[in-house]
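For reference, the chains in residue letters:
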Amino acid sequence: MKARRLFAMVLRQFYLMRGSLARLLPPFAWVLVDIVLWGFLTRYLGTIAAPGFSLVGALLGAVLLWDFFMRVMQGVSTAFFEDVWSRNFLNLFASPLTLPEYVGGLVLTSLATSGAGLVAMLLLASLGFGFSFLSYGALFVPFLLVLFAFGIALGVMATALVLRLGPASEWLVWPIPALIAPFAGVFYPLSVLPPWMRAVSRLLPPAYVFEALRVLLEHGPAPRHALAIGAALSLGYLALAARVFAATYRHAVRTGLIARYSAETVS
Amino acid sequence: MDGVLTVSGLRKEFGGMAAVDGVSFAVRPGEIVGLLGPNGAGKTTTISMILGVLEPTAGTISGAPRERCNFAAAYAPLPGNLTVEENLRVFGLIYGASPLGAKVEELMARFDLLRFRDTKAGLLSSGEQSRLGLAKAMLNDPALLLLDEPTASLDPAAAREVRALIKEFAARGTAGVLWTSHNMHEVEEVCGRVLFMAHGKVLLEGDPRTLPAAHGKRDLEELFVTVAREPLSL
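First things first, this report covers the structure right here in the doc. Remember, predicted model here, so these are calculated numbers, not experimental data.

Quick word on the packing of helix 4 (residues 55-85) of chain A against helix 7 (residues 140-165) of chain A
All names here are of chain A.
(1) Moving on: Contact pair helix 4 / helix 7: the axes reach a minimum separation of 8 Å and the direction vectors enclose 30°. As the angle between them shows, helix 4 and helix 7 are arranged roughly parallel. By crossing handedness, the relation of helix 4 to helix 7 is classed as right-handed.

This is the structure we're talking about:
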C-alpha cells in the first residue's frame, strides 16, 4: 500500500469539498441542527424529569454518538458516490491504484470528515448545552472506536451494494442508519423492545455502546464486557465488509461491470 | 514476441458468446500499433482486458508493469468536478509522477492547458477534455500507452498536433503505443503496423501502407469496409 496513493484519494475529496459549499455543509450542518434540536429538547425534559438522572448525557450524548456513527458510514459511501457520479471507476481501476488503497482512501476521508463533524458537535453541545464527554470517562474513546469501526464496515458494505447493483441503488444506502436506529437502542434501553427485536439488537455493535452509556450514567459498574462484545462484533463486520467488497469488485472485473459502470441498472 | 505488451490467446466470453476470440499480438518499444475494426469487433474489450478492468476468460497478457502503463479514451473522461490542475495532481500521485508539480506544469504546457488550469474539467470542450486525458496518460512516462480513439473529438489542427506528440513520444524508443481509430488516414500516418479485428478475431496484420494493395484494395478505408462487411472474402 503506497501512502501517496492513499493521499491522492483523500486529496481528491479535499479538492471537491474546497470547491463546493454543498459538499462542505452536510458533515457539519445536519449534525449541528441535530445538536440544537436535541439540546433544547433535553433542556425542556430536564425541567419535568426526576432529578438525579443526567438527561444531557443520556439524550444529547446519545444523539452526538449516533450522528458520529452516521457520518462515519456516510463519509465512506459519499466518497464512493463521488466516483459513481463522475464515472471515474475506469480511470481509477485502470491505474496502479490497488483495491486496499482505494478503500483505505475512503476510510481516511471518512475519518477526516466525521472527526471534524465530531469536534463541531462537541463544541456546540458543550458550550451551548453543558454536555461534557468527560462524564463518560475514559470509556468515551472505546464508544467512539466501536461506532467508527461499525460505521466503516457498514459504509464499505453499502458501497459494495451500489457497485453490484448499479448507481440507482444509491437510494437503498441512505436509509440504512434509520433502519438500524430502532434496534440500536439509541434513546431507550433494549429491555423495552420485544424479544425478536432484542435478538436483532444483540447483533449490532451500537446497541452495546448505548446500553453501556446508560449503565455508566446510572453509576453502574464499567460495562467492559458489553463493550468488548461490541468491539469484537465491529471488527468481525469490518473483516466481513472487506471480503464482501473484494468479492464484489472481483465479480465486477469478471463481468465487465467496472469497464461499463455508467448504466442506470446492471444485472 | 518480447515487447512492452504481449497478448497471447486472449479470449473473453459474455454469456457463452465470444467477444474476443484467441487474439495474439505484441507491441514493441518505439512502435505505434493500430487496432482497427468495426464497432463491436472487440477492440475496447481487448483494451479493457489489457488495462486490467476486465478479466479474460482465457489467454495471457504480459509486458510493462501496471505502474508503467497508461491510457486515454473518449469514454473515460477525467472527473468533471475537479479542475484541470487538480485532476493532474490527483492522478499524478496515483501514477507516481515525480517531481509532481513540475510534471503537471510541463504537461499542461505541452497540451496547451495552462489557460484552463483552474477550469473544472466538465466545463472544457470535448477537444480540451481529450487533451486533458492525454496529459493524464503521460503523467508516468508510460512504457505502454493505450489510446482508444484519442483524436475523435479534436479539430483537424488539434488532431495533427496530438498525432505529432504521440509520434514524437514513440520515436524516443522507450515506449510502445496501441492506438484505435476509425480515421484511416490518421492510422496510415501514425501507425507502423495495424491489426484488423472483426468478430473478436484479428483477421489481418501488417503495414498500413502496403496492406491494402496486398489484398487488392485501393486504400486502407476500402480494406476496412471489406473487413467490416465481408471478412470471409479476404
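Here's the deal with the sheet that holds strand 6 (residues 144-148) of chain B
Residues and elements named next belong to chain B.
(1) Moving on: Ordered in space as 5-6-7-3-8-9, the 6 strands form an open sheet in which the pairing is mixed. A strand with exactly one partner marks an edge of an open sheet, and here the two such strands are strand 5 (69-73) and strand 9 (201-206). Neighbouring strand axes in the sheet, compared pairwise and without regard to direction, differ in orientation by 15° on average.
(2) Moving on: Taken together, the 5 bridges between strand 5 and strand 6 define a ladder with parallel strand orientation. The residue of strand 6 that forms the bridge with N70 is L145.
(3) Moving on: Packed on one face of the sheet, helix 4 (residues 126-137) meets strand 5 and strand 6 and runs near 175° to strand 5.

Thoughts on the interface of chain B and chain A
(1) Moving on: Taken together, the contact between chain B and chain A spans 21 residues of the former and 22 residues of the latter.
(2) Moving on: Put simply, the parts of the chain that give the side of chain B that touches chain A at least two residues each are helix 1 (43-51) and helix 2 (84-95) of chain B.
(3) Moving on: In terms of residue count, the dominant contributor to the side of chain B that touches chain A is helix 2 of chain B (5 residues).
(4) Moving on: Partitioned by chemical class, the residues of the side of chain B that touches chain A number 12 nonpolar, 5 polar and 4 charged.

Here's the deal with the packing of helix 3 (residues 26-48) of chain A against helix 4 of chain A
Residues and elements named next belong to chain A.
(1) Moving on: Axis separation between helix 3 and helix 4 bottoms out at 9 Å; the angle between their running directions is 165°. With respect to each other, helix 3 and helix 4 are oriented roughly antiparallel. Once helix 3 is placed against helix 4, the crossing between them reads as right-handed. Residue-level inspection shows P27, V31, D34, I35, W38, G39, T42, L45 and G46 of helix 3 in contact with helix 4, the latter providing L55, V56, L59, L60, V63, L64, D67 and R71.
(2) Moving on: Taken together, the residues of the contact of helix 3 with helix 4 sort by class into 11 nonpolar, 3 polar and 3 charged.

Cut-offs applied
Residues numbered from 1 in each chain as written. Chains lettered and ligands numbered in written order. Predicted model: local features only at pLDDT ≥ 70, side-chain atom pairs only at ≥ 80, totals over all residues. Axes fitted to C-alpha atoms, helices over the stretch in contact; angles between N-to-C directions. Helix = DSSP H or I, 4+ residues; strand = E, 2+ residues; numbered from the N terminus. Parallel < 35°, antiparallel > 145°, perpendicular 65-115°, else oblique. Left-handed = near helix turned anticlockwise from the far one by under 90°. Pairing = 2+ DSSP bridges. Contact = placed C-beta atoms within 7 Å. Nonpolar A, V, L, I, M, F, W, Y, C, P; charged D, E, K, R; others polar.

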